[in-house]
Amino acid sequence: MEKQSSYHIRISESGKGNLPRFSISSLGTKLLLLLGAAAVLFLFVMPVFKLASLSVRSEAGFTLSHYNELFQSPRFWSSLWNTAIVVAGSTVLSLLLGFAAAWLMAYTDLKHKRMLHMALLLCFILPSYVLTLSWSSFMGPQGLLAGMLHLVVPGASPWSMYNYGGIIFVMGIHHFPLVYLFTLNVLKKIPRDLEWAARAGGAGKFNTFRKVTVPLALPGLTAGGLLVFLASLDNFGIPAFLGTPANITVLSTLIYEEIIGFGPSAFARGAALSVLLGLAAVTGTLVQWLLLRKSSISDTVLLDHGPRYWLGAGRKWVSAGMWAFLLIVTAVPLLAMVSLSFKKAYGLGLQFSNLTLDNYKFILLGNGKVWKAIQNSFMLALVTLVVCLIAGSIFAYIRVRKPSLLMKAAEIAISIPYTLPGIVFALSMILVWMEPVTGWNPGIYGTVYILFIAYICRFLILQIRAGITAFMQIDPSMEEAARAAGAGTWRKWRAVLLPLLLPGLLSGAVLVFLMSLTELTVSALLYSSGTQTIGVTVFSYEQAGSTLYSTALSSLIVFMILAGGGLLVWLQGRVQRRGDRA
């Protein structure tokens, strides 16, 4: 207190004596809070406001004509119907796969659960457009499956992926890990006494599962299902790759087509569509938040990691079946995509004489645009990682140690760009940075800087959430003990806090890096000549029919993701060992 009071400056020494006293520290804090609030409003709230206002504005003033025009358009209703089919189908598939995987992992004595857990997450870690290319390569007329079918039935062809079924299937296997993650811990928290009581009361295994396990797992299922609903609504890559060739348009691809169409009212119609899509996403997010809040009572229950069903002699077969499923949905299609990337021409058989490295030579050495796109994506991902790691960690520290309504409101505002579908957020960024203030164009739109700003705004909340989780696991008494032992601020952070925080902070940072590196949806609307990213380049190659180049570049992305994942595991292990020794 003595040190703090030394900063006080009396400005009332002139004789009157009753003027208020100001503190340099309190003034600085208030100034920082004011600047922070202004930055949050400008970067995270104003884009949404601009988007909403454009959708109800014309040269004559307020109007609802853009909405009327949409509602009278048959293409809007067909896109809405397509969106409903795709989102509902993929959500149901994800719920079935995710719940089955969570139940097997939580309730049974499967072998190698830790490795299975990592393998289950791979489907979601891979960018959706890479998974789509993998499956289209695997199921194509010249793919691995066609080759195997021809051995049995000459002339047989696999099921086409370019239809509703293909979109729903790829979207379902891409998103089912979300249901798995949300349901796994809920299942582990179900008291086994309740299930024993039901069995003792005469209920069989199936009735116990139906009347006890499933109802108690509903909070996790509904939360995971709603997250899948939002992710499917947001997804641009899968319907763009599989739906556009079959003339299946969903709302996200319809907005993209409206904006790149550059008609006289393209932005206004795109804004009206975006508002409708954004309202659906925000409504889903609110429902999910309410459900999670309602189920927070179970947070006090300890996780029960022990198996409740022993598979006996069937253990190795069930484990093998689960590994086989994961290999079929991820590894085999990826192998098909990688093998296609080595072919001299599309349609050739998989013989050694048909293989070449020319596709990789072209994308890495023969085409400056591809190399520029790789550089752009790495630079964007690196800068986004550093900014989000520093800003997100500082915000998370203040949010946990000094909680207030203002910080809570700021967290909600910062989460808006990630809550909105990517295509909606991208359009709002265009609108706000073309002319932030009437008559002033800062020259950001059309440059790489708008991508930097968009990536940081969209992914900052991921680092904040990871930071909040990490800080909440450290009791404030540890900081007080360090101070009492004579440790200064730097020593307290270096010797006590950082070794404990780094694994959690690094997990969030690597997630931000990977999502920035492989981003497609936001970049598809914001890129300009010379600022293409990896995702945009893959998308452009696929649209141009250059499948060999798109698969080669996607194979490089898979390699980079696996290398990044391996680096993360190594770093976490190293930090954990240093923390244990300390």
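Structure: see above.
Residues numbered from 1 in each chain as written. Predicted model: local features only at pLDDT ≥ 70, side-chain atom pairs only at ≥ 80, totals over all residues. Heavy atoms only, no water.

J.: Describe the overall build of the chain, with residues and values.
T.: A count of helical and extended segments in the chain gives 25 helices and 4 strands. When its C-alpha atoms are laid out on the principal axes, the chain stretches across 105 × 70 × 50 Å. Out of the 582 residues belonging to the chain, those deemed buried represent 45%. Long-range pairs, those at least 24 residues apart, make up 77% of the contacts in the chain with a sequence separation of at least 6. Summing over all exposed atoms, the chain offers an accessible surface of approximately 29,300 Å²; the carbon and sulfur share of this is 68%. The chain carries 43 positive and 21 negative side-chain charges, and their two centres are separated by 7 Å. (Helix = DSSP H or I, 4+ residues; strand = E, 2+ residues; numbered from the N terminus. Buried < 20%, exposed > 50% of the residue type's maximum accessible area, 1.4 Å probe, protein only. Contact = heavy atoms within 4.5 Å. Areas by Shrake-Rupley, 256 points an atom, 1.4 Å probe, with all protein chains shown as cover. Lys, Arg positive; Asp, Glu negative; His and termini not counted. Charge placed at Lys NZ, Arg CZ, Asp CG, Glu CD.)

J.: Describe unusual backbone geometry, with residues and values.
T.: Phi is positive for His112, which is not a glycine, with a value near 50°. Looking at His112, the relative accessible area reads 52%, which means it is exposed. The backbone of Asn247 shows a phi angle near 60°, a positive value even though the residue is not glycine. The residue Asn247 is located in the loop between helix H11 (237–243) and helix H12 (251–261) in this model.

J.: Before we move on, can you summarise a nonpolar patch on the surface with the specific residues and values?
T.: On the surface, Leu382, Val386, Ile390, Ile394 and Ile398 cluster together into a nonpolar patch covering about 420 Å² of accessible area. Mapped onto the secondary structure, Ile398 falls in helix H16 (residues 368–401). (Patch = residues over 30% accessible without salt bridge, like charges linked within 9 Å, V, L, I, M, F, W, Y side chains within 5 Å. Salt bridge = Lys/Arg side-chain N within 4 Å of Asp/Glu carboxyl O.)

J.: Quick one: what's the story with the environment of Met379, residue by residue and with numbers?
T.: Assignment of secondary structure puts Met379 in helix H16. Distance from Met379 to Phe452, taken between C-alpha atoms, is 9.2 Å for residues 73 residues apart in sequence.

J.: I'd like a rundown of the side chain of Asn235, residues and numbers included.
T.: Summarising the element assignment, Asn235 is placed in the loop between helix H10 (205–234) and H11. A relative accessible area of 8% means that Asn235 is categorised as buried.

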